[in-house]
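# Tertiary structure, described
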Amino acid sequence: MKSKMSLADIVDVVVDNRGKSVPLSDLSNQYLPLIATKNVGASLYPELIDTRPVDKETYDSFFRAHPLPGDILFVNKGKPGTTARVPNPVDFVMAQDMVALRAKPGFDQDYVFALLRSPRTLRMIDNMQVGTMIPHFKKTDFDKLILDVETDLEVQKKIGRLYMTFSNAVEQKSRINDNLLELGSTLWDKYFQFANADKQQSHLMDLGDIVAGGTPSKKNEAFYDGGTIPWITPKDLSNATDTIFINQGETSITEAGLSGSSAKLMPAGTVLFSSRAPIGYVAIANNPLTTNQGFKSIVPYDDSKTYYLYYLLKKLTPHIEAVAGGSTFKEISGSGMKSIEFPKPDDVSMSEFATLIQPMFRLIRENEQEIQRLTELRNVLLSNLLG
């Protein structure tokens, strides 16, 4: 049985560091990293990337409170309603613009987490947020967020366990992929050191065709209606930062849209590189697709060089950003991409690297497909169970 209840009815706010600008330490004195709202995303737990250091004295004396394992992080500002769980052990401290929630007696913590992540709840939060430049969901509006809550605690526990079982399976495969990518990066550095300036220089166009994208006119519905050709924008990659292989984006185009624009159909194995807004998103086409003009993609002459190119572009991104033009936002042109130099890889190193990296990326692709399958199944089941 379900009953209408507010978020304030089912959770307590156990940590709120609002208004607390945390003093930072030197990295050498870090006790724990400070996470911000950007570290809370689609993953089960916060991602400890680009954090800031906090020392032991600040940890002990500055914060109002600290979250406990299993608590729910809830973002109030920036991307309101985004949630994550607190791991065990707790490996971070919280900045402002988010709170930690804990289920009240009579409510299951895992169930509450699943409820907060349900599409229906997220739509309600989106409709209630304020602020045009920076969206904000006020903590004082928790009592206005009315949810359909299962009242039977045993049913709550079953739903919560189901959600966490699927989410932990997804998280495990994501961690495997992260480790494989990190190992791949280490292997790349081993075989292809940039530090050797004496080596003969090479250019991206020595390894593949550099292809710019295009946008079919939005005024012509025939270019989009019923389209089946994937058309990728940098926004699609920003929404899939944990994904290496991309199949499609938010929009597809028709054959008429392809022939009536500067968009170009590129094969599977193409390495996509966003050339503006921002520079540096890198992905691999899992099937034939097109992009808008925000890309300078590389179609390898040799399929065995796809993964070399993936890491090469990752390593070259800071240099590409440095030489990019533009006052409002940085953009690297086609000629700019062609002028980028790097030490020429030798054939033996390329062959050995390909032998090692190809099975790793096959597993990454398989894991991404399984993650998508598990996520879709979880969402369908939870949508039916949560309403």
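Residues numbered from 1 in each chain as written. Predicted model: local features only at pLDDT ≥ 70, side-chain atom pairs only at ≥ 80, totals over all residues. Heavy atoms only, no water.

### Quick look at the overall build of the protein chain
Going by this rule: The way it works is that DSSP assigns letters per residue, a run of H or I at least four long becomes a helix, a run of E at least two long becomes a strand, and they are numbered from the N terminus. We take the radius of gyration over the C-alpha atoms and set the globule estimate at 2.2 Å times the residue count to the 0.38 power. Residue burial is assigned from relative accessible area. The probe radius is 1.4 Å, only protein chains are included, and a residue is buried under 20% of its type maximum, exposed over 50%, and partly exposed in between. Contacts are assigned to residue pairs with any non-hydrogen atoms lying within 4.5 Å of each other. For the area figures, the Shrake-Rupley method with a 1.4 Å probe applies, and any residue is considered shielded solely by the protein chains shown. A positive count includes Lys and Arg, and a negative count includes Asp and Glu. His and the chain ends are not counted in either. Just so you know, the charge point we use is NZ for Lys, CZ for Arg, CG for Asp and CD for Glu.
Of regular secondary structure, the protein chain possesses 10 helices and 19 strands. For 387 residues, the compact-globule estimate of 2.2 N^0.38 gives 21 Å, and the C-alpha radius of gyration of the protein chain, at 24 Å, lies within 12% of that figure. Expressed along its principal axes, the backbone C-alpha trace of the protein chain runs to roughly 65 × 55 × 40 Å. A buried classification covers 46% of the 387 residues belonging to the protein chain. For the protein chain, contacts bridging at least 24 residues in sequence account for 76% of all contacts bridging at least 6. Carbon and sulfur atoms provide 51% of the accessible area of the protein chain, an area that totals close to 19,100 Å². On the protein chain, the mean spot of the 42 positive side-chain charges and the mean spot of the 46 negative ones are 4 Å from each other.

### Side note on the packing of helix H3 (residues 109-117) against helix H5 (residues 153-191)
The condition that has to hold: Every angle, taken between N-to-C directions, lies between 0 and 180 degrees, and every axis is a line fitted to C-alpha atoms, over only the stretch in contact when it is a helix. Oblique is the label for every angle not falling under 35 degrees (roughly parallel), over 145 degrees (roughly antiparallel), or within 65 to 115 degrees (roughly perpendicular). Crossing chirality is assigned from the near helix's rotation relative to the far helix, an anticlockwise turn below a right angle marking it left-handed and a clockwise turn marking it right-handed. Polarity classes work like this: nonpolar for Ala, Val, Leu, Ile, Met, Phe, Trp, Tyr, Cys and Pro, charged for Asp, Glu, Lys and Arg, and polar for all others, with Gly in that last group.
Running from N to C, H3 and H5 point in directions that differ by 65 degrees, and their axes come no closer than 7 Å. The pairing of H3 with H5 is recorded here as roughly perpendicular in orientation. Crossing geometry of H3 relative to H5 is assigned as left-handed. Of the residues in H5, those touching H3 at Asp110, Tyr111, Phe113, Ala114 and Arg117 are Gln156, Ile159, Gly160, Arg161, Tyr163 and Met164. Of the residues belonging to the contact of H3 with H5, the class tally is six nonpolar, two polar and three charged.

### Structural notes on the packing of H5 against helix H8 (residues 306-323)
Packing of H5 against H8 leaves a shortest axis separation of 10 Å and a crossing angle of 85 degrees. Judged on the interaxial angle alone, H8 and H5 are roughly perpendicular. Contacts between H5 and H8 involve Leu180, Leu181, Gly184, Ser185, Trp188 and Asp189 from the former and Tyr308, Tyr310, Tyr311, Leu312 and Lys315 from the latter. When grouped by side-chain class, the residues that make up the contact of H5 with H8 number seven nonpolar, two polar and two charged.

### Observations regarding unusual backbone geometry
When glycine is set aside, most residues are seen to have a negative phi, and most peptide bonds are trans. With an omega dihedral of 5 degrees, the bond running from asparagine 88 to proline 89 counts as a cis peptide bond. You will see that aspartate 50, though not glycine, has its phi angle at about 55 degrees, which is positive. Mapped onto the fold, aspartate 50 is located in the loop between strand S3 (32-35) and strand S4 (52-54). The phi angle at alanine 277 is positive, at roughly 45 degrees, despite the residue not being glycine. For alanine 277, the position within the fold is in the loop between strand S15 (271-275) and strand S16 (279-285). Taking relative accessible area as the criterion, alanine 277 reaches 55% and is therefore assigned exposed.

### Considerations on the pattern of salt bridges
Rule in force here: Whenever Lys or Arg places a side-chain nitrogen within 4 Å of a carboxyl oxygen from Asp or Glu, that contact is recorded as a salt bridge.
Across all of its chains, the model carries 15 salt bridges by this definition. Between lysine 56 and aspartate 60 there is a salt bridge whose closest N-O contact spans 2.6 Å. One end of the pair is lysine 56 and the other is aspartate 60, both in helix H2 (residues 56-61) and four residues apart, which spans about a single turn. A relative accessible area of 37% places lysine 56 in the partly exposed class. Here the salt bridges share partners, and the residues they tie into one network are Lys4, Arg120 and Asp148.

### A few points about the sheet that holds strand S7 (residues 93-94)
Note the following rule: Any two strands between which DSSP finds at least two bridges are classified as paired.
With mixed pairing, the three strands of this open sheet are ordered in space as S4-S3-S7. The open sheet has two free edges, formed respectively by S4 and S7, since each of these has just one partner strand.

### Some thoughts on the nonpolar core
The cut-off we apply is this: To qualify as a nonpolar core, a set must consist of buried Ala, Val, Leu, Ile, Met, Phe, Trp, Tyr and Cys residues joined through side-chain atoms within 4.5 Å.
Counting residues in hydrophobic clusters, the biggest one holds 37 residues, and the most contacted among them are Leu204, Tyr308, Leu312, Phe353 and Phe361. If you list the elements that add at least two residues to this core, you get H5, S15, S16, H8 and helix H10 (347-386). With nine residues, H8 is the single largest residue contributor to this core. Dropping the residues within four chain positions of it, tyrosine 308 is found in contact with Trp188, Phe192, Leu207, Phe342, Pro343, Pro345, Met350 and Phe353. Ranked by size, the runner-up nonpolar core spans 28 residues in total, among them Leu115, Leu145, Leu147 and Met164.

### Thoughts on H10
So the rule is basically this: Under the convention used throughout, the expected extent of a helix is 1.5 Å for every residue step, that is, one less than its residue count. Bend angle per residue: angle between axes fitted to the 7 residues ending at that residue and the 7 residues starting there. Between N or O atoms, a polar contact is any pair within 3.5 Å; within protein, one atom must be a potential hydrogen donor and the other a potential acceptor, and residues adjacent in sequence are included only when both atoms are from side chains.
Between its first and last C-alpha, H10 extends 56 Å over 40 residues, near the 58 Å set by a 1.5 Å rise per residue. In H10, a bend of some 30 degrees at isoleucine 357 exceeds every other bend along the element, and proline 359, a proline, comes one to four places later. The N-capping residue of H10, defined by a side-chain oxygen 3.2 Å from the backbone nitrogen of valine 348, is aspartate 346. Downstream of H10 by a residue or two, glycine 387 has a phi angle that is positive, lying close to 80 degrees.

### Things to note about the pairing of strand S9 (residues 146-150)
The two faces of the sheet receive side chains in turn, since in a regular strand these alternate between them. Burial within S9 is extensive, with four of its five residues counted as buried. Bridge count for strand S1 (residues 2-6) against S9 is five bridges, and the pairing is antiparallel. Looking at S9, one finds that serine 6 is bridged to isoleucine 146.

### Quick notes on the packing of aromatic side chains
Definition in use: Within 6.5 Å between ring centres, the rings of Phe, Tyr and Trp (the latter by its six-membered ring) count as paired, and their orientation is classed by plane angle as stacked under 30 degrees, edge-to-face over 60, tilted in between.
Under the defined criterion, the tally for this structure stands at 19 aromatic pairs. Centroid distance tyrosine 191 to phenylalanine 353: 6.4 Å. Interplanar angle 65 degrees. Geometry classified as edge-to-face. Of this pair, tyrosine 191 sits in helix H5 while phenylalanine 353 sits in helix H10; the two residues are 162 residues apart in sequence, bridging distant segments of the chain. Phenylalanine 353 sits in the buried class, given a relative accessible area of 2%. Both rings, one in tyrosine 307 and one in phenylalanine 361, keep their centres 4.3 Å apart while their planes meet at 20 degrees; by these two values the pair is stacked.

### As for the sheet that holds strand S6 (residues 83-85)
Paired through backbone hydrogen bonds, the strands of a sheet run either parallel or antiparallel to each other. The strand order across the open sheet built from four strands is S2-S8-S5-S6, with neighbouring strands paired in antiparallel fashion. Two strands bound the open sheet, and with one partner strand each, they are strand S2 (11-16) and S6. Averaged over all pairs of adjacent strands, the angle between strand axes in this sheet comes to 30 degrees, irrespective of strand direction. Relative to strand S8 (residues 98-103), S2 runs antiparallel, the two sharing five bridges. Following the sheet pairing, aspartate 12 is matched in S8 by arginine 102. Taken strand by strand, H3 contacts S2, strand S5 (72-75), S6 and S8, and its axis lies near 155 degrees from that of S6.

Geometric descriptors of this kind do not, in isolation, establish any biological role.
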